[in-house]
Amino acid sequence: MPTQIRKIGIILLVFAFMCSALVAFSPPQVFSQGTGDYIEAVGWSKDGSWIAVGYADYKTIEILDAANLQVMRILQARNYRDIEWSPGPNFNLLAVASHTDELQVFDVSTGEVVTHIVDQHDPSTTAVSWSPDGTQLAAGHHVGTLMFEAARGITKIWDPATGQLLHTLDEHRHLYAVDAVSWHPDGERLLTVGIDGIHIWDGTTGSHMTFLDIPKMRDAKWNPQGDQVFVAGVELEMHVLDGVTYQPITTIEMLETVNQVEWRPDGQQIAIHAYNRVYTLNTQTWTVSFSSDRFNHPAHGLAWSPDGTQLAFEIAVGTLNIENFEPPNDRITDGLLALYTFEEGSGSTVTDVSGVGTPLDLTISDPGAVSWGADTLTVNDPTLIASPGAATKIISAVQASNAITIEAWVASASLTQDGPARIVTLSQDTYHSDFTLGQGREYTQPANFFISRLRTTTTSLFGEPAVMSYPGTLTTELSQVVYTRDAGGTARLYVNGVERLTDLVDGDFSNWGPGYRLALANELTENRAWLGEYYLVAVYERALSPAEIQQNLAAGPSVTPPPTERVSADLQVLYTFEEGSGATVSDVSGVGTPLDLTIADVGDVSWGTGVLSVTAPTIISSSGPATKVISACQASHEITVEAWVRPANRVQDGPARIVTLSQDGSNRNVTLGQGAYQA
């Protein structure tokens, strides 16, 4: 493949610019109070309300209001070693593991201990982790002493509501503790980390599944999607493993040991707490996207906010730093099956714009009952909006995955619609449906709540018992409502990003009706009408995570990306290769005298649309000195060189010059190239 040069710009900036998916974008917040001790642990509650800060006196845990960093409560937990917040539905619960014989669950709203487990048999609790559904609590232990060979690490799984021991996981040896415990997002597996390596366990039965011979690791965690495991520790390498086969995907070299890793909730970044610095890595390129200043002491504690826009960590003794990050602005597309954005503006068809399989377009039976707006469809009078045939692509995919997400951005016309009134339904008639997302219940007023029915092998033919949000969560304002059900049976209902109910819906989807149709605003029998505004409807073949739901909430109902512009401040030269032919590459920066470039041999290049391919050795250079670039750089003492390129191969070296400002091979001002000399 020939080298493709897409865009090259030399830009002088008055600030450091990082071209990455996630960069800190506003000044950090700093909290410094506490005991004067080091910070040992940091945790951010899953609803975003609280930040827990544990200190190295190993007894004091401060609970901060995340909005203003005010201390709301101080907990005392003797010899604590690890903390973790409950995943819900009660987000006020904080689990605390102590180095003595205690495992406690605090309700931080009251400061009371709601569960107190005293384990005298295996007293040293070193790590704690909630299962994703909040029904199990895994605690890592160190048993025995380093003086005896019997010393080892074990993990116990407890019922956090009753304090009952459910399973004991006993495989770690080599005299050391279990350093970390992490659950798979579906709750069916968990991993434990010790100095001997990593063990994978069945989260339901507690049986041992496999051993990963990666010694001297301190932390390992599945990503939010469950398809990767990130492993790090005292060795100067970090490993990314396949989350199913556990085969290596990539290895990242480090210059220092790592104490803790935390995935950003959307999985696009991972935060690394090294010996005395915090990094974040872009998980698409595995390159550094943020690096803190170095600390003057070893530090601990690292936590993302639930929406992934803030990262909390210790920056100095007893000082908590909260770094701000840009939120993701794209909607989740992984697992998407059908998407309706109501951008048609007129007509009787609502188009499936998911781009997945055969489009499942919907037909409005009475176009006179609706009115189109800017990316909205308002249902003014009862009608039916339905697919002409079976929603096969949804039915087949969801039956295969045994999981689903239904998302709707809607504004109800009133709080009296019930039945439930159908917002989205996959059904045959009133009493035969695969799923329904609706408003209200029959004979229940006011109908100010959302309701979801999902048919499985353990429910009725129309999905009862239903999952409902609390009264008052449905208004006539625009709302995002999301229903998820994962492969393990956990169902959740969210309104505007907040989880309003969690329930267990057992069974599978093998009894779904193969010929059922997808419909909006009514039942197929046209006796459960819903009136209001539609902004977006989406169906996924998996359960979106809370972070992904937050990401969709932040992106809003529009899938049309906002117009983006290149940074132009302090631009000096810009080449976009839009000429299409000829021997000249024009400087289109509009700054000073254009610094055009001449192609020495036009036979060695080929032009495309916005592309110049270099197919054989040649030179493309300015006819005289690059004076405007040199003068501006000398004045600012700063420079940025940006290039969008695709190399022809991976053997070019020297370095091979992509962009250079130079006189010859030994005298240059700046060079951006590929490879090193004879490397």
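About the thresholds
Residues numbered from 1 in each chain as written. Predicted model: local features only at pLDDT ≥ 70, side-chain atom pairs only at ≥ 80, totals over all residues. Heavy atoms only, no water. Helix = DSSP H or I, 4+ residues; strand = E, 2+ residues; numbered from the N terminus. Contact = heavy atoms within 4.5 Å. Areas by Shrake-Rupley, 256 points an atom, 1.4 Å probe, with all protein chains shown as cover. Buried < 20%, exposed > 50% of the residue type's maximum accessible area, 1.4 Å probe, protein only. Pairing = 2+ DSSP bridges. Axes fitted to C-alpha atoms, helices over the stretch in contact; angles between N-to-C directions. Salt bridge = Lys/Arg side-chain N within 4 Å of Asp/Glu carboxyl O. Polar contact = N/O pair within 3.5 Å; in protein donor to acceptor, adjacent residues only side chain to side chain. Core = buried A, V, L, I, M, F, W, Y, C linked by side-chain atoms within 4.5 Å. Phe/Tyr/Trp six-rings, centres within 6.5 Å; stacked < 30°, edge-to-face > 60°. pLDDT = per-residue confidence, 0-100.

Student: Give me the overall build of the protein chain: which residues, what numbers.
Tutor: For the protein chain, the count of helices and strands is three helices and 54 strands. Contacts in the protein chain between residues far apart in sequence, at least 24 positions, make up 52% of those at least 6 positions apart. With the model as given, the accessible surface of the protein chain reaches about 29100 Å², and the carbon-plus-sulfur share is 52%.

Student: Tell me what's going on with the pairing of strand β39 (residues 450-454), and back it up with residues and numbers.
Tutor: Counting buried positions along β39 yields five of five residues, so the element is predominantly enclosed. Note that strand β38 (residues 432-439) and β39 share five bridges and pair antiparallel. By the bridge assignment for β39, glycine 438 is matched with isoleucine 451.

Student: Any details on the sheet that holds strand β24 (residues 269-274)? Residues and values, ideally.
Tutor: Pairing between the strands of a sheet comes from backbone hydrogen bonds, and it takes one of two forms, parallel or antiparallel. Read from one edge to the other, the open sheet built from four strands follows the order β23-β24-β25-β26, with strand pairing classed as antiparallel. Both edges of this open sheet fall to β23 (258-263) and β26 (287-291), since each of them pairs with a single strand only. Averaged over neighbouring strand pairs, the angle between their axes works out to 25° when direction is ignored. In this structure, β23 lies alongside β24, joined through five bridges in antiparallel fashion. Across the sheet, residue tryptophan 263 finds its bridge partner in β24, namely isoleucine 270.

Student: Now, about the pattern of salt bridges: what can you tell me, with residues and values included?
Tutor: Tallied over the full model, the rule gives 13 salt bridges. One salt bridge in this structure joins glutamate 499 and arginine 492, with 3.3 Å as the shortest N-O distance. Comparing glutamate 499 with arginine 492 shows no difference in burial state: the two are buried. One salt bridge connects aspartate 587 with lysine 628, and the closest N-O pair in it is separated by 2.7 Å. Of this pair, aspartate 587 sits in the loop between β47 (584-585) and β48 (597-599) while lysine 628 sits in helix α3 (residues 627-636), and the two are 41 residues apart along the sequence.

Student: I'd like a description of the side chain of threonine 283, backed by residues and values.
Tutor: Positionally, threonine 283 belongs in the loop between β25 (278-282) and β26. Within the local environment of threonine 283, its side chain forms a polar contact with the backbone oxygen of glutamine 268, the two atoms lying 3.0 Å apart. Not counting residues within four places of it along the chain, the set of residues in contact with threonine 283 comprises Trp263, Gly267, Gln268, Gln269 and Ile270.

Student: Residue-level account of the nonpolar core, with values.
Tutor: Ranked by size, the top nonpolar core spans 48 residues in total, and within it Ile394, Val424, Phe435, Leu518 and Tyr534 carry the most contacts. Filtering out sequence-adjacent residues up to four positions away, isoleucine 394 remains in contact with Leu337, Ala338, Leu360, Leu426, Phe435, Leu518 and Val539. By size, the runner-up hydrophobic cluster in this structure holds 15 residues, among which are Met254, Val261, Trp263 and Ala274.

Student: Give me the lowdown on the packing of aromatic side chains, citing residues and values where you can.
Tutor: Summed over all chains, the structure comprises 10 aromatic pairs. Aromatic side chains tryptophan 304 and phenylalanine 325 sit 5.5 Å apart centroid to centroid with 55° between the ring planes, which places their arrangement in the tilted category. Placement of the pair is tryptophan 304 in strand β27 (residues 302-304) and phenylalanine 325 in strand β29 (residues 319-325), with a sequence separation of 21 residues. For the pair tryptophan 304 and phenylalanine 325, one class covers both residues: buried. Ring pairing ties together the aromatic residues Phe230, Trp263 and Trp286, which thus form one cluster.

Student: Quick one: what's the story with helix α2 (residues 546-555), residue by residue and with numbers?
Tutor: Residues Ala547, Glu548, Ile549, Gln551 and Asn552 constitute the buried set of α2. Check the buried side of α2 and you find it contacts β36 (404-412), β41 (479-485), β42 (490-495) and β45 (532-540). Glycine 556, located one to two residues past α2, shows a positive phi value of around 85°.

Student: How would you explain helix α1 (residues 392-401) if you had to name every residue and give the values?
Tutor: Along α1, the residues that are buried comprise Lys393, Ile394, Ile395, Ala397 and Val398. Of the surrounding elements, those touching the buried residues of α1 are β30 (336-340), β36, β37 (421-429), β38, β44 (517-520) and β45. Of the residues trailing α1, asparagine 402 is marked for its positive phi of about 60°.

Student: Can you lay out unusual backbone geometry for me, pointing to particular residues and giving the numbers?
Tutor: Look at the link from glycine 88 to proline 89: it is a cis peptide, with omega at 5°. Backbone torsion omega between glutamate 464 and proline 465 reads 5°, so that peptide bond is classified as cis. Its place among the elements puts proline 465 in the loop between β39 and β40 (467-468). We note that asparagine 402 has phi near 60°; this positive angle belongs to a residue other than glycine. With respect to the secondary-structure elements, asparagine 402 resides in the loop between α1 and β36. In the Ramachandran plot, histidine 637 falls in the positive-phi region, its phi being about 60° despite a non-glycine side chain. Along the chain, histidine 637 falls in the loop between α3 and β52 (640-646). Here histidine 637 falls in the exposed class, since its relative accessible area comes to 71%.

Student: I'd like to hear about the environment of valine 108, residue by residue, with values.
Tutor: As for its placement among the helices and strands, valine 108 is situated in the loop between β9 (102-107) and β10 (112-118). You can call valine 108 buried: its relative accessible area is 1%. When the C-alpha atoms of valine 108 and leucine 75 are compared, they prove to be 8.2 Å apart, with 33 residues separating the residues in sequence. Leave out the neighbours within four places in its chain, and valine 108 touches Trp50, Ile63, Arg73, Leu75, Trp85, Asn92 and Leu94.

Student: So what about the confidence of the model for the protein chain? Which residues, and what values?
Tutor: For the protein chain, the mean per-residue pLDDT works out to 85, and 89% of the residues sit at or above 70. Between the elements of the protein chain, mean pLDDT differs from a low of 36, seen in strand β1 (residues 3-11), to a high of 98, seen in strand β35 (residues 385-386). Scored below 50 in pLDDT, residues 1-26 makes 109 contacts in the model with residues more than four places away or belonging to other chains. Segment residues 145-150 is flagged for pLDDT under 50; beyond a separation of four residues in sequence, or across chains, it makes six contacts in the model.

Student: Lay out the pairing of β38 with the relevant residues and their values.
Tutor: Consecutive side chains along a regular strand alternate between the two faces of the sheet. Of all eight residues that make up β38, seven are buried, and the element is covered over most of its length. In this sheet, β38 lies alongside β37 in antiparallel orientation, the contact comprising seven bridges. Opposite aspartate 429, over in β38, you have histidine 432 as the bridge partner. Where β37 hands over to β38, the hairpin turn is made up of two residues, counted between the paired strands.

Student: Describe in detail the sheet that holds strand β17 (residues 197-202), supporting the description with residues and values.
Tutor: Here we have four strands laid out as an open sheet, ordered β15-β16-β17-β18, and antiparallel in their pairing. The open sheet is flanked by β15 (178-183) and β18 (208-212), the only strands paired with a single partner. Averaged over all pairs of adjacent strands, the angle between strand axes in this sheet comes to 20°, irrespective of strand direction. Sheet topology places β17 next to β18; four bridges connect them, and they run antiparallel. Residue pairing in the sheet places isoleucine 200 in a bridge with threonine 210 of β18.

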